[in-house]
Amino acid sequence: MPLFTNVTTASSHSPNTIGDGDDGPGDSKELGSPLITDNEMDMIHISMNLIIRGTIAAFGIAGNVVNMFIFVRMGLKDSMSIGLMVLAVTDFLVTSFALAGTLCFVMELYYPYGDIDPIAFHFIFVGWFRDIFYLISGWVTTFLSVERCVCVVYPFKVKQIFTRGRCILGMITIYIVILGVHAPVIATQWLVSKKIEIPAQNRTIDQLVLAFAENRNDINIYIDIANGAILPIPSQTIVFVSVVLMIYGLQSSSQIRMKKPLQDKDKDGSQSESKLSSREGRLVKVVLFLAIILSVCNMPRFLGVYSKQIMPDINVGRRFGNLYVFFWNLAAVTSVVNSSVNILVYLIVNVSYRKKFKAMFGFEDDTDEK
């Protein structure tokens with residue numbers, strides 16, 4: 001086992017550290033920001049991590065369970081249905097780890113002196129995995145956005161390009177790559193036993209706390225680059241381009257339907273590739289909304305990553321340290337929002353999903369849409 005040079009204990013033992021379990025951004029609370037006072041930061045941290053994020057995560061878990069059930073009922077017969085199913089599973093993991101993080105935060109507040117430091121437990125088993133699955137969720141949405149883009153440009157070739165097998169291979173690749181990128185982080189942290197003094201109770205306990213490998217600082221630089229640029233920027237760029245093309249495609253398709261109620265046919269008798277079917281159009285709208293939501297929810301994360309590059313004082317331990325922490329608390333909340341609201345998009349836009357949802361709760365017969 002590599003030597004460790006740093007052991008991190010819970011916030012009640014080290015007052016300058018309260019967090020989500022991420023040793024870099026967003027899960028540390030430092031003193032001394034002129035924009036946000038320490039008392040204000042305490043209230044913001046509690047409200048965001050205990051009340052808001054916990055509530056949204058609970059909703060997201062229930063919503064993603066419903067999504068998975070309905071997608072199975074609808075049939076996983078093509079690449080789009082496979083992709084949406086994988087997205088529901090991934091978002092279920094994001095929201096589950098987010099709720100587990102809230103429970104760790106409650107344990108830190110009310111039971112900090114157990115056998116395991118709640119913050120250390122969160123750090124190793126919760127915080128990083130929540131972020132990992134959130135990145136995976138973003139890339140799954142990116143994959144779906146590209147597929148719908150191809151559908152807009154070549155509506156009658158999309159099924160030949162994005163086959164069911166290729167979609168499954170793409171989903172597996174996304175999981176393997178992102179888990180592989182984070183493997184060094186997981187491998188350089190562990191729990192060790194440490195004597196913890198409890199002055200108020202005049203006793204000492206043995207508690208499992210967090211320890212890092214001696215090369216952890218190098219790993220932190222590597223993972224900051226990966227999470228701050230290599231993984232999210234290409235994804236967000238592709239999503240942005242896809243959103244623009246999908247909006248253009250929907251507008252063009254709408255204009256064609258108004259000008260030509262009956263679609264003209266080509267010489268060989270096939271339909272022109274300039275028009276989307278009504279079902280494909282609805283799926284484009286679904287993915288369009290998902291892509292827009294992802295883009296909005298990623299903004300606080302990019303603020304957290306790049307604000308300290310523009311203004312070095314926006315960082316932990318600096319003049320605007322609390323502002324930096326606020327960005328990452330907000331990013332933690334918006335990441336859970338992104339993984340929780342898909343069910344609302346499906347209910348509003350997807351007719352087939354809405355019918356299955358109503359049938360699931362006994363509001364109407366479960367009849368397939370033709």
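Everything discussed here concerns the structure shown above.
Since this is a predicted model, take the numbers as computed values, not measurements. (Residues numbered from 1 in each chain as written. Predicted model: local features only at pLDDT ≥ 70, side-chain atom pairs only at ≥ 80, totals over all residues. Heavy atoms only, no water.)

Looking at this model, I keep getting lost on the environment of valine 287. Mind explaining?
Tracing the chain through its elements places valine 287 in helix H8 (residues 278-310). Sequence spacing of valine 287 and methionine 246 is 41 residues, and the spatial spacing of their C-alpha atoms is 9.0 Å. Not counting the four nearest positions on each side in its chain, valine 287 is found in contact with Met80, Leu144, Ser145, Arg148 and Met246. (Helix = DSSP H or I, 4+ residues; strand = E, 2+ residues; numbered from the N terminus. Contact = heavy atoms within 4.5 Å.)

In this structure, what is going on with the packing of aromatic side chains? I would like to understand it.
To describe a pair of aromatic rings, one takes the distance between the centres and the angle between the planes. Summed over the entire model, instances satisfying the criterion amount to 13 aromatic pairs. Consider the rings of phenylalanine 71 and tyrosine 353, whose centres lie 5.9 Å apart with planes at 55 degrees: the pair is tilted. Taken as a pair, phenylalanine 71 in helix H1 (residues 38-74) and tyrosine 353 in helix H11 (residues 351-360) lie far apart in primary sequence, 282 residues in all. Assigned by exposure class, phenylalanine 71 and tyrosine 353 land together as buried. (Phe/Tyr/Trp six-rings, centres within 6.5 Å; stacked < 30°, edge-to-face > 60°. Buried < 20%, exposed > 50% of the residue type's maximum accessible area, 1.4 Å probe, protein only.)

Is there a simple way to think about the pairing of strand E2 (residues 189-198) in this case?
Residues in a regular strand point their side chains to alternate faces of the sheet. With 10 bridges joining them, E2 and strand E3 (residues 203-213) adopt antiparallel strand pairing. The partner of isoleucine 198 across the bridge, within E3, is arginine 203. Between E2 and E3, which pair antiparallel in sequence order, lie four residues; one of them, asparagine 202, sits at a positive phi of approximately 55 degrees. (Pairing = 2+ DSSP bridges.)

Would you take a moment to explain the side chain of asparagine 322 for this structure?
Relative to the helices and strands, asparagine 322 resides in helix H9 (residues 321-338). Given a relative accessible area of 0%, asparagine 322 falls into the buried group. There is a polar contact of 3.2 Å between the side chain of asparagine 322 and the side chain of aspartate 38. (Polar contact = N/O pair within 3.5 Å; in protein donor to acceptor, adjacent residues only side chain to side chain.)

Even after reading the chapter, I still don't get the pattern of salt bridges, so can you show me in this structure?
Pairs can form between side chains of opposite charge whenever their charged atoms are close. Applying the stated criterion across every chain, the model contains four salt bridges. Note that aspartate 131 is salt-bridged to arginine 130, the shortest N-O span being 3.0 Å. In this pair, the class of aspartate 131 matches that of arginine 130, namely buried. In this structure, glutamate 147 engages arginine 148 in a salt bridge whose closest nitrogen and oxygen atoms are separated by 3.6 Å. Neither residue differs from the other here; glutamate 147 and arginine 148 are each classed as buried. Several salt bridges share partner residues, and in doing so they unite Arg130, Asp131 and Arg301 into one network. (Salt bridge = Lys/Arg side-chain N within 4 Å of Asp/Glu carboxyl O.)

Got a minute to help me understand the packing of helix H2 (residues 79-110) against helix H3 (residues 118-153) in this structure?
The geometry of a pair of packed helices is captured by two quantities: the angle between their axes and the separation between those axes. Two elements in contact, H2 and H3, have axes whose closest approach is 8 Å; the angle formed by their N-to-C orientations is 160 degrees. Considering the angle they form, H2 stands roughly antiparallel to H3. Regarding H2 and H3, the two cross each other, and that crossing is left-handed. Here the residues of the contact of H2 with H3 sort into 22 nonpolar, seven polar and five charged. (Axes fitted to C-alpha atoms, helices over the stretch in contact; angles between N-to-C directions. Parallel < 35°, antiparallel > 145°, perpendicular 65-115°, else oblique. Left-handed = near helix turned anticlockwise from the far one by under 90°. Nonpolar A, V, L, I, M, F, W, Y, C, P; charged D, E, K, R; others polar.)

Looking at this model, I keep getting lost on the nonpolar core. Mind explaining?
Counting 62 residues, the largest nonpolar core has Ile136, Val140, Tyr346 and Tyr353 as the members making the most contacts within it. With 16 residues, the top contributor of residues to this core is H3. Isoleucine 136 has contacts with Thr90, Ile174, Tyr175 and Ile178, leaving out every residue within four places of it along the chain. Met41, Phe320, Val325 and Phe327 belong to the second largest nonpolar core, which has 11 residues in total. (Core = buried A, V, L, I, M, F, W, Y, C linked by side-chain atoms within 4.5 Å.)

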